Structures are given as structure tokens and as C-alpha cells.
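# Report on the structure
So you can see what is in the structure, the chains are spelled out below.
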Amino acid sequence: MIMEDVAKGNRSPALWLRVIMVLLLVLCVCCAEIPHSHRENKPHHVRLHVTDNHVIIRNGIVEVSIENPSGYLTGIRYKGMDNVLEGRHRNDNRGYWDILSDHCPMDSFIVRRGVPGLYMYGIFEREEDFPDASMDHIRIAFKLREDRFRFIALSDSRQRIMPSTDDRSSSRARTLAFKEAVVLTNPSDPQLKGEVDDKYQYSTENKDNKLHGWISDDDVIGFWIITPSSEFRAGGPHKQGLTSHPGATSLCMLVTAHYAGKDFDTTYKKGEHWKKVFGPAFIYLNSASSSNDHRKTLWKDAKRQLNEEIESWPYNFTRSQDFPHAEQRGEVSGQLLVRDGYTDKDLVPAQSVFVVLAAPGDAGSWQRDGKGYQFWTQADNNGHFDIKNVRPGEYNLYAWVHGFIGDYKLDLNITIQPGNKISLGTLIYDPPRNGPTLWEIGIPDRTAAEFFIPEPDPMLVNSLCLGDADKYRQYGLWDRYSDFYSHSDLVYTIGTSNYSQDWFFAHVPRNLGNNTLRPTTWQIKYNLQEVTKTGTYTLQLALASASFAEVQVRFNDPDVDRPHFTTRRIGYDNAVARHGIHGMYRLYSIEVTGNRFEKGENTIFLTQSRSKGAFNAVISAVLPRLDMVRD
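Residues numbered from 1 in each chain as written. Predicted model: local features only at pLDDT ≥ 70, side-chain atom pairs only at ≥ 80, totals over all residues. Heavy atoms only, no water.

### As for the overall build of the chain
Scanning the chain for helices and strands turns up three helices and 46 strands. In summary, the chain has a C-alpha radius of gyration of 26 Å against a globular reference of 25 Å for 631 residues, a match within 12%. In terms of principal-axis extent, the alpha carbons of the chain reach across some 85 × 60 × 50 Å. For the chain, with 631 residues in total, the buried portion stands at 59%. In the chain, once contacts between residues fewer than 6 apart in sequence are set aside, the share between residues at least 24 apart is 72%. Taken as a whole, the chain presents about 26200 Å² of accessible surface, with 45% of it coming from carbon and sulfur. Distance between charge centroids for the chain: 3 Å, based on 73 positive and 79 negative side chains. (Helix = DSSP H or I, 4+ residues; strand = E, 2+ residues; numbered from the N terminus. Rg over C-alpha atoms; globule rule 2.2 N^0.38 Å. Buried < 20%, exposed > 50% of the residue type's maximum accessible area, 1.4 Å probe, protein only. Contact = heavy atoms within 4.5 Å. Areas by Shrake-Rupley, 256 points an atom, 1.4 Å probe, with all protein chains shown as cover. Lys, Arg positive; Asp, Glu negative; His and termini not counted. Charge placed at Lys NZ, Arg CZ, Asp CG, Glu CD.)

So, in C-alpha cells, the structure goes:
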């Protein structure tokens, strides 16, 4: 059964969106189509009961209740739990499409025979005559029972007991620099006392955001969001977004401007037709027998189910013509090699390169694209890649290679038609370079993970982030710069300093106390044995993040009023405050005439000149690299 409706924004005419509401009940699924782990001895039929106020769907394992006509998901009955959603909340605050824009929500559900869960997807469409609008965030939100669901699992290593909403209240917690971050002073669970909690500490990248959820220890039940494909997500494989966070909240993130800000294109102009299918995502419920390792059992089973969903993608049970099945999709393959004559005379494979098919644009535009479909894969050690199940449409092919700066783009529009397989053969990437490298700080990896990340203030720790891999997620690391450099700024000496110990991961203002912040100037000292005064050198400046910041570059004279180069004010991604190790990648190739250098000792001065807030900052990606003279 498919129901269509046309809805307009009920709060403002800023966005009128045609909403296709799909309530699709697959009533005739043969046992062979049901995963073995889901199959009952006698699977129940899917049954539908419609009243004036609710639509109720039962398949003998789960019972799903949807408010009629709003489409809010008000209840999910599973095993002995009458409702896994928070019944104390209003109907519009249990399970719903959360869209930060002026239009009404939409709901789409698929309940299958013999399957413990439900699938959700939505079709968004804007006609050309719709007015200008933006949708910075599109997500499906679930508010679970807080008295039951207290344990989250985001990955094998990121699992913990979570504080409740009440634990974060003013009577039980102290708010830190922003409302999302608190110190738990009197939590209901004593083991959480003194810990920091902030929803951004539970963020993850698109490529890793396939499975997360909650466990009820009392009921031995798991609630999981499984996203087998990221084709409907935006911003590329490294775009970060929220997952599960306090308040027993679980999010299926589809589009988010977090860690990107206004540089992320989520603006829709009048005259622009747009249509997109988000999902399906699978809401999976499982259970286990009571035992000391039931959490491990539930998590392991959820990972197994994720693999089954990935193998089944694209799903063949959807009935919308806007969701193409496998035979209606295409495939793109090839091999990417790197040509960098100054480091290796031979072509080298782009090992483990991320290759992206996205809307046509300039090199690197895939990380700013918030509206189109994206398909990506990671190549093998020889640079071979194969992107499967690509929706019909027109794309460009992009890539970035670990160990090399810049972005690759194939100067060819790729048109995918149903069933076609396109082999691009061998492709060559020539990374930006004007001569051999004299010196370089860091690794070209688009993050600051290799730089010095300090230990957090011992009074501001989240135990989930204690490992080295997640240390950057700790709260307040920006203030640690002022602890290490309380009177003078960072000085880095090429050939002596070690970037993992001596290069702070974020260029932030110095906190002088009494709400006083000051710009900071870092120095890079290096020796040139020879200088070609008439030649041109290139300073490659790569940034992994920027937030209301400005980097000014001066050579050998820190007091000259006009810098040789300035980025001007850049960035909105707020990655430092949101505990990200990267945001939006930027590369600046700065040409410098040789007469600015001296034979012998030289100094480059890097000033982050903005200091209105503690989070005016840039995060280093590889910062910087000096290429030798080009005559």
C-alpha cells in the first residue's frame, strides 16, 4: 500500500516541499527471502490496523504504532517491552523525522514478515517554483525509554554506560563552555561522577556510521540503527555527524552541517528542481538470554545483521520507482596511480585511496556537496577501485591520496545508465608540486592525528575517550595550549623538533584569564644552504579545519604590517569545540620569491589573528611544506 500526500510548510512559506509518504507493507515475503536468524518456525503475516488516530502494524515479532495522520512513530512493542520508545514524551518526540527547516515532517515505514524491526525511508522533492530555502540537518530521531536503555555501543571500542537527561540537569551537573558540555557532579550512577558529557564526543565519520545503538540491561534487548549504504548521505566518507547521545537518543544522520558550517551546500534556490531518496535505514531489535556477557552477544549479533543488510543492498522489496534496484544501477571501476617525479621516478599505486562519485563540480567539491547522491569506496593497495550499485545520473570522479596533498578529479563527466559497467582504466594523479620538498611538517592525511594532542585536564575527562585513538575527543583541549605556552608561543625547528611532540594540533588563541584572549604567532625555524634570489618557492599550507579564523604568513620579519599572505577570515566548521580532529580540508599554495629568504637561518611566522572566541582556530593537516625553487 502506497499513500501519497502533498504537504507545505506549516510554520513558514520559506520551504514548500512535496512529501511522498510511503507506508509500504510487504505482505507476501517467502521464507527464502527472510534471513535465517530472523525466521520463525511459522512466520506471522504482516497485519495492518487503521483507526482515526493510529496505524498499527504487526508481524508477530514487533508491533509498530504510527500516529494518524501526522506520521509520528509513537510505539514499538518488542518481546516483553510494551514500548521501547519513551512513553513520557509527547507523540511528536518519540520517533520522527527531524529536519531543521520550515516544512512539515514525513514518515516512511516498511515492516517485513519475520523481521524484528522496521525500515524507514523518505522521498523529498522540490519543484522549480518553490522559494529559496535551506535544510542544514536531515535526520531520523528516536527517543528511547531512559529507565531502560542506559548503555550505548558505537563501535567495538566505544561502548559505555550513559548519563540520563536528569543527570545533566543543573541540580546534578555543571555546564561548561557551551550548553552541550557538562561535568556530572551528582549523577544517579556514582561511577559517572566527575565525568564530562557532550553529545559531540560520540560523533563519527560517514564511512564508519553504519551501526550504533542502545542496550537495555534489565530486558536484555538491543535497539540498533543500521545504515547499509551511505549513498544518500552528504559530504563524503570523512564527513562527521552525531550518533547516539544522552537522553537515550539515537539518530540516523542523513545530512548535517556539523563540522562544516556554511561552507556545506544545503541551500536550495528557486528555479532548481531537486528530488532525493533518503534511506532505507533499518531499525533492528534483538534480544539475548541474561548472562554476564549479554552486551557482547547483542553487539555481535547487531554486527552480523549489519553485514546481512549490506549484502542485501540495494533492497529489492521497496516499491517506489525512485529507489532503483540492483539491475537498474551501474558500476564504475579503474586504477589510480600517483606521479610525483620528485619523490619517485616511477608511477606509484594510490594505496587505500578514497574514490568518490559525486555531483559534477571542481576538485574537492564533494566535501561541500550537501544535496546530491554520493558513492565511494576505498581502493586496494594497488590503487584498484570498484564502485558498485551506482544510481543512474551524471557524476564526476574524485579522490584524495594518503601521503599526498591536494585533490584529484577526473576531467570527464560520467553518465550512469541502468545496468552499465564503466571501466576507466588507469588514471594518473599529479599532486601539487613546483619542485623538490625542502622540509615538511606532518603527514598529508587531512587530519591532525599525528600532531601533539595533549592529555585532558584530569577534572574534565570522559572515560570513553581515554584511548590514544579517541584522545582528541576529550573536552577542553583548546585550553591546554595556554597551559603549555603560557608566556610565549610555539617555536618549531626543522631538523630538531618532532611534530608528534612539538606541533600543537590546533592553532588557537592564548587564554590570559579574566575572559581575555590574544592572537598567537607560531614560528618555524629552518636553514637554507643555498637561496636562488630570482627564483620562486612554494609554501604549501594545508588545513584540516577552520572556524572563524585567519592565518597570516610572514617571512623573516614578524613586525611587517602587511603579511605576505593571508587566508582572510575562513571557516565555520567549529571542529575544535566539537572535539573533531578535522573539518573541511583546505590547501593554499603560496608562491614566494627567493629574495624573501636568506642563506642560512630563516623563520616563517604563522599568526592566527582572530581571537574573539576560544574556538577561533585552525587545525593542521600538514602545516606547512616548503618546495624548492622554480626558475
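Past the structure itself, the notes keep going.
### Let's talk about the packing of aromatic side chains
Inspection of every chain in the model, using the stated rule, returns 39 aromatic pairs. Their ring planes at 85 degrees and their centres at 5.4 Å tell us that Phe 548 and Tyr 572 sit as a pair that is edge-to-face. In this pair, Phe 548 sits in strand S40 (residues 536–549) while Tyr 572 sits in strand S43 (residues 570–572), placing the two residues 24 residues apart along the sequence. Judged by its relative accessible area of 40%, Phe 548 is partly exposed. Tyr 572 gets classed as partly exposed once you look at its relative accessible area, which sits at 25%. A connected cluster of aromatic rings, assembled from ring pairs, spans Phe 451, Phe 452, Tyr 481, Phe 484, Tyr 485, Tyr 492, Tyr 499, Trp 503, Phe 504, Phe 505 and Trp 522. Positioned above the aromatic ring of Phe 323 is the side chain of Arg 329, whose terminal nitrogen or guanidinium carbon lies 5.2 Å from the ring centre. In this structure, Arg 446 packs its charged tip against the face of Tyr 585, placed 3.8 Å from the ring centre. (Phe/Tyr/Trp six-rings, centres within 6.5 Å; stacked < 30°, edge-to-face > 60°. Lys NZ or Arg CZ within 6 Å of the ring centre and 35° of its normal.)

### As for the sheet that holds strand S15 (residues 182–184)
Here we have three strands laid out as an open sheet, ordered S14-S15-S16, and antiparallel in their pairing. If you trace the sheet from one side to the other, it starts and ends with strand S14 (173–175) and strand S16 (196–197), each paired once. As paired elements, S15 and S16 share two bridges and run antiparallel to each other. When the bridges of S16 are listed, Val 183 appears paired with Val 196. (Pairing = 2+ DSSP bridges.)

### Examining helix H1 (residues 294–312)
Because each turn of an α-helix spans 3.6 residues, side chains separated by three or four positions in sequence point in the same direction. When the terminal C-alpha atoms of H1 are compared, their 27 Å separation across 19 residues agrees well with the 27 Å that a helix rising 1.5 Å per residue should span. Among the residues of H1, those classed as buried are His 294, Leu 298, Trp 299, Ala 302, Gln 305, Leu 306 and Glu 309. Taken end-on, H1 shows its buried residues confined to a sector of 130 degrees, consistent with a single buried face. Seen from the buried face of H1, the exposed residues on the opposite side, beyond 90 degrees, are Lys 296, Lys 300 and Glu 311. Buried residues along H1 sit in contact with strand S9 (117–126), strand S12 (149–153), strand S13 (159–161), strand S18 (211–216), strand S19 (221–226) and strand S24 (274–287). (Expected span 1.5 Å × (residues − 1). Arc of directions from axis to C-beta.)

### Observations concerning the UniProt feature "domain: Rhamnogalacturonan lyase" (unreviewed entry) in the chain
Look at the UniProt record and you will see "domain: Rhamnogalacturonan lyase" (unreviewed entry) annotated at residues 355–423 and 437–618. End-to-end, the C-alpha atoms of residues 355–423 are 14 Å apart, and along that stretch the chain is 0% helix and 45% strand. Between the end C-alpha atoms of residues 437–618 the distance is 23 Å, and the span holds 7% helix and 37% strand. (UniProt positions renumbered as here; feature names shortened; annotations may be inferred.)

### Side note on unusual backbone geometry
With an omega of 0 degrees, the peptide bond running from Gly 279 to Pro 280 counts as cis. With respect to the element layout, Pro 280 can be found in strand S24. The amide bond that connects Trp 313 to the next residue, Pro 314, takes the cis arrangement and shows omega of 0 degrees. Residue position: Pro 314 is located in the loop between H1 and strand S25 (330–338). Here the phi dihedral of Asn 514 falls at roughly 55 degrees; this positive angle occurs in a residue that is not glycine.

### Considering the sheet that holds strand S42 (residues 565–566)
Hydrogen bonding along the main chain pairs the strands of a sheet, whether they run parallel or antiparallel. Pairing in this open sheet of five strands is mixed, and the strands run S35-S39-S45-S41-S42 from one edge to the other. In this open sheet, the two strands that pair with only one neighbour each are strand S35 (491–493) and S42. Inspection of the sheet shows strand S39 (residues 520–528) paired to strand S45 (residues 600–608) by nine bridges, in the antiparallel sense. For Trp 522, the partnering residue across the bridge sits in S45 and is Leu 606.

### Observations regarding empty space enclosed by the protein
Summed over the entire model, instances satisfying the criterion amount to four cavities of 30 Å³ or more. For the largest cavity, the calculated volume is near 70 Å³. Mapped onto the lining of the largest cavity, the elements with two or more residues apiece are strand S20 (240–241) and strand S22 (249–256). Broken down by element, the lining of the largest cavity gets its largest block of residues, four residues, from S22. (1 Å grid on protein atoms, 1.4 Å probe; cavity = no way out; pocket = protein on both sides within 12 Å on 5 of 7 lines; lining within 4 Å. Points joined across faces, edges and corners; volume = space filled by probe spheres on them.)

### Quick word on the pattern of salt bridges
Opposite charge on two side chains permits them to pair, given that their charged atoms come into close proximity. What the rule picks out here adds up to 39 salt bridges. Of the charged contacts in the structure, one is a salt bridge between Asp 219 and Arg 148, with a shortest N-O distance of 2.8 Å. Taken together, the positions of Asp 219 in the loop between S18 and S19 and Arg 148 in the loop between strand S11 (137–143) and S12 put the pair 71 residues apart, joining distant regions of the chain. Since its relative accessible area comes to 27%, Asp 219 is described here as partly exposed. Classification of Arg 148 by relative accessible area gives partly exposed; the value is 27%. Put simply, Asp 340, Arg 433, Glu 440, Arg 625 and Asp 627 are held in one network by salt bridges that share partners. (Salt bridge = Lys/Arg side-chain N within 4 Å of Asp/Glu carboxyl O.)

### Points about the nonpolar core
Formed by 105 residues in total, the largest nonpolar core has its most connected members in Phe 223 and Leu 397. The dominant element in this core, judged by the number of residues it contributes, is S24, at eight residues. The contacts of Phe 223, once residues within four sequence positions are left out, are Ile 76, Val 84, Phe 142, Leu 144, Phe 149, His 212, Gly 213, Trp 214, Ser 250, Ile 283, Tyr 284 and Leu 285. Trp 439, Leu 460, Ala 506 and Val 576 belong to the second largest nonpolar core, which has 68 residues in total. (Core = buried A, V, L, I, M, F, W, Y, C linked by side-chain atoms within 4.5 Å.)

### Structural notes on the confidence of the model for the chain
Mean pLDDT over the chain works out to 91, with 91% of the residues at or above the 70 mark. Of the regions scoring below 50 in pLDDT, residues 1–40 engages in 119 contacts with residues more than four places distant in sequence or in other chains. (pLDDT = per-residue confidence, 0-100.)

### Let's talk about the environment of Phe 223
The residue Phe 223 is located in strand S19 in this model. By relative accessible area, which is 0% here, Phe 223 ends up buried.

### Quick word on helix H2 (residues 477–484)
Within H2, burial applies to Leu 477, Trp 478, Arg 480, Tyr 481 and Ser 482. The elements touched by buried residues of H2 are strand S37 (510–513) and S39.

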